[in-house]
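Residues per chain are reported as follows:
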Amino acid sequence: MTDISTDPALDEWRTYDEFAAGIDTFRLPNVSLAGTAVALTLDDGSAFSLVFDSVAVTWTGFDAAGTDPYDAVAVRDDVVFVNIPLESREREAITVVYSTSTRRATVVRSRIAAEALPGEPQVGQEFWAATVDGGEPTGETPGPSRDLIGKRNVYRYSPHHLYEHVYVSSQRYAWQCLEGVQRGHGDMDLSTVWKFADGLYLFCFREFRIAVASVWLHDLGYQLMTTGIFLGLNGDGDAEHSRGGGHIYPLGSVAYPDAQPV
């Protein structure tokens, strides 16, 4: 029998803050939303409103209110990705994507549970489709999509971060690190994909092995870029928010000939 030796470093599962450092190097630039007010009606009938200045957003919704810093990126001329890494409510983030032309939006709420439960990611996520008040929405309502199933992409976030994703089903994706501190590591985690608009897909994952979840907006039609955020527990066990983003390189796709994945 042949004894296959392995690199001991591959057995060290990196903490969230270790792999996230620098993963926003190739991210699209931030924009200021100072003077902007956005009022949303969620698909459950509730309201969520945001009023921005140059550094903070005052928000109201989910039976709460607060003023927190925000991070905004103009993903397209009419589409804005906004993340609120909450300081007023520890261990929580709210991410909003909205279109100024179609008046469609999505809202993702990410929260770190008090403790990890067997077989469940510690960071959970909730999703809503929404409309921007003040006009009639046009186009399709954002919602769950199977469009990415079978696709295989490589993501370059920095000179030192290169990852491969394979979208296996509507509930799972597989990843491996090709370059970076996680090189040689990979897993299959829970994921959610929503179609926001033509070529624009909201991709979210929740990991099992470490307490981290992420929200990304993949632009697979216009410029092959992705913009995202992380929420998780760092190596010291503290809640931490990070930004991510970079280039998308499609490798191809497969179509299942018989039974379709879930």
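Residues numbered from 1 in each chain as written. Predicted model: local features only at pLDDT ≥ 70, side-chain atom pairs only at ≥ 80, totals over all residues. Heavy atoms only, no water.

**Some points on the pairing of strand 2 (residues 47–52)**
Alright, step 1. A one-sided burial pattern is seen for strand 2, the buried positions being Phe-48, Leu-50 and Phe-52 and the unburied ones Ala-47, Ser-49 and Val-51.
Alright, step 2. In this structure, strand 1 (residues 37–42) lies alongside strand 2, joined through five bridges in antiparallel fashion. Each residue of the ladder has a partner; that of Ala-39, found in strand 2, is Ser-49.
Alright, step 3. Counted along the chain from strand 1 to the antiparallel partner strand 2, the turn is four residues long, and its residue Gly-45 has a positive phi close to 90°.
Alright, step 4. Here strand 2 runs beside strand 3 (residues 56–61); their pairing, made up of four bridges, is antiparallel. Each bridged residue has a counterpart across the sheet, and for Phe-52 the counterpart in strand 3 is Val-57.
Alright, step 5. Between strand 2 and the antiparallel strand that follows it, strand 3, lie three residues. (Buried < 20%, exposed > 50% of the residue type's maximum accessible area, 1.4 Å probe, protein only. Helix = DSSP H or I, 4+ residues; strand = E, 2+ residues; numbered from the N terminus. Pairing = 2+ DSSP bridges.)

**Overview of the side chain of Ser-158**
Alright, step 1. Mapped onto the secondary structure, Ser-158 falls in strand 11 (residues 151–158).
Alright, step 2. Polar contacts involving the side chain of Ser-158 include one to the main-chain amide nitrogen of His-160, which spans 2.9 Å.
Alright, step 3. If we skip the residues at most four places from it in the chain, Ser-158 touches Gly-22, Thr-25 and Phe-26. (Polar contact = N/O pair within 3.5 Å; in protein donor to acceptor, adjacent residues only side chain to side chain. Contact = heavy atoms within 4.5 Å.)

**Focus: the environment of Asp-198**
Alright, step 1. Relative to the helices and strands, Asp-198 is located in the loop between strand 14 (186–197) and strand 15 (200–206).
Alright, step 2. With 23 residues separating them along the chain, Asp-198 and Gly-221 place their C-alpha atoms 7.1 Å apart.

**Observations concerning the sheet that holds strand 2**
Where strands meet in a sheet, backbone hydrogen bonds hold them as pairs that are either parallel or antiparallel.
Alright, step 1. Pairing is antiparallel across the open sheet formed by nine strands, whose spatial order is 4-3-2-1-9-8-7-6-5. On the outer flanks of this sheet lie strand 4 (64–69) and strand 5 (71–76), each paired with one strand and no other. Sheet twist, expressed as the mean angle between neighbouring strand axes with direction ignored, is 25°. (Axes fitted to C-alpha atoms, helices over the stretch in contact; angles between N-to-C directions.)

**Examining the confidence of the model for the protein**
Alright, step 1. In this model, the protein carries a mean pLDDT of 94, and residues with pLDDT of at least 70 account for 96%.
Alright, step 2. Below pLDDT 50 for its whole length, residues 1–5 participates in zero contacts with residues either more than four positions away or in separate chains. (pLDDT = per-residue confidence, 0-100.)

**Quick word on the pattern of salt bridges**
If the charged atoms of two oppositely charged side chains come close together, the side chains can form a pair.
Alright, step 1. As enumerated under the stated definition, the model contains 10 salt bridges in all.
Alright, step 2. Between Arg-27 and Asp-71 there is a salt bridge whose closest N-O contact spans 2.8 Å. With Arg-27 in the loop between helix 1 (16–20) and strand 1 and Asp-71 in strand 5, this pair connects stretches of sequence that are 44 residues apart.
Alright, step 3. What makes Arg-27 buried here is its relative accessible area of 10%.
Alright, step 4. The salt bridge involving Lys-195 is made with Asp-198; its shortest N-O contact spans 3.7 Å.
Alright, step 5. For Asp-198, a relative accessible area of 62% translates into the label exposed.
Alright, step 6. It is possible to trace a salt-bridge network through shared partners that takes in Arg-27, Asp-71 and Arg-243. (Salt bridge = Lys/Arg side-chain N within 4 Å of Asp/Glu carboxyl O.)

**Brief notes about the nonpolar core**
Alright, step 1. Of all hydrophobic cores here, the largest spans 25 residues; its most connected members are Leu-40, Phe-48, Tyr-98 and Val-107.
Alright, step 2. Residues within four places of Leu-40 in sequence aside, it is in contact with Ser-46, Ala-47, Phe-48, Leu-50, Val-96, Ala-105, Val-107, Ala-130, Thr-131, Val-132 and Asp-133.
Alright, step 3. Among the nonpolar cores identified, the runner-up in size contains 22 residues, and Leu-148, Tyr-167, Val-193 and Ile-210 belong to it. (Core = buried A, V, L, I, M, F, W, Y, C linked by side-chain atoms within 4.5 Å.)

**A look at the side chain of Gln-125**
Alright, step 1. On the secondary structure map, Gln-125 appears in strand 9 (residues 123–132).
Alright, step 2. Since its relative accessible area comes to 13%, Gln-125 is described here as buried.
Alright, step 3. Only 2.7 Å separates the side chain of Gln-125 from the side chain of Arg-206, close enough to count as a polar contact.
Alright, step 4. Polar side-chain contacts of Gln-125 include one of 3.2 Å to the backbone oxygen of Ser-214.
Alright, step 5. If sequence neighbours within four positions are ignored, Gln-125 has contacts with Val-108, Arg-109, Ser-110, Cys-204, Phe-205, Arg-206, Ala-213, Ser-214 and Val-215.

**So, the packing of aromatic side chains**
Alright, step 1. One pass over the full model with this rule turns up 20 aromatic pairs.
Alright, step 2. Judged by centre distance (6.2 Å) and plane angle (35°), the ring pair of Phe-48 and Trp-59 falls under tilted. Pair noted here: Phe-48 is in strand 2 and Trp-59 is in strand 3, with a separation of 11 residues, a long-range link.
Alright, step 3. On the basis of relative accessible area, Trp-59 is assigned to the buried category, the value being 1%.
Alright, step 4. Between the NZ or CZ atom of Arg-209 and the centre of the ring of Trp-13, over which it lies, the distance is 3.9 Å. (Phe/Tyr/Trp six-rings, centres within 6.5 Å; stacked < 30°, edge-to-face > 60°. Lys NZ or Arg CZ within 6 Å of the ring centre and 35° of its normal.)

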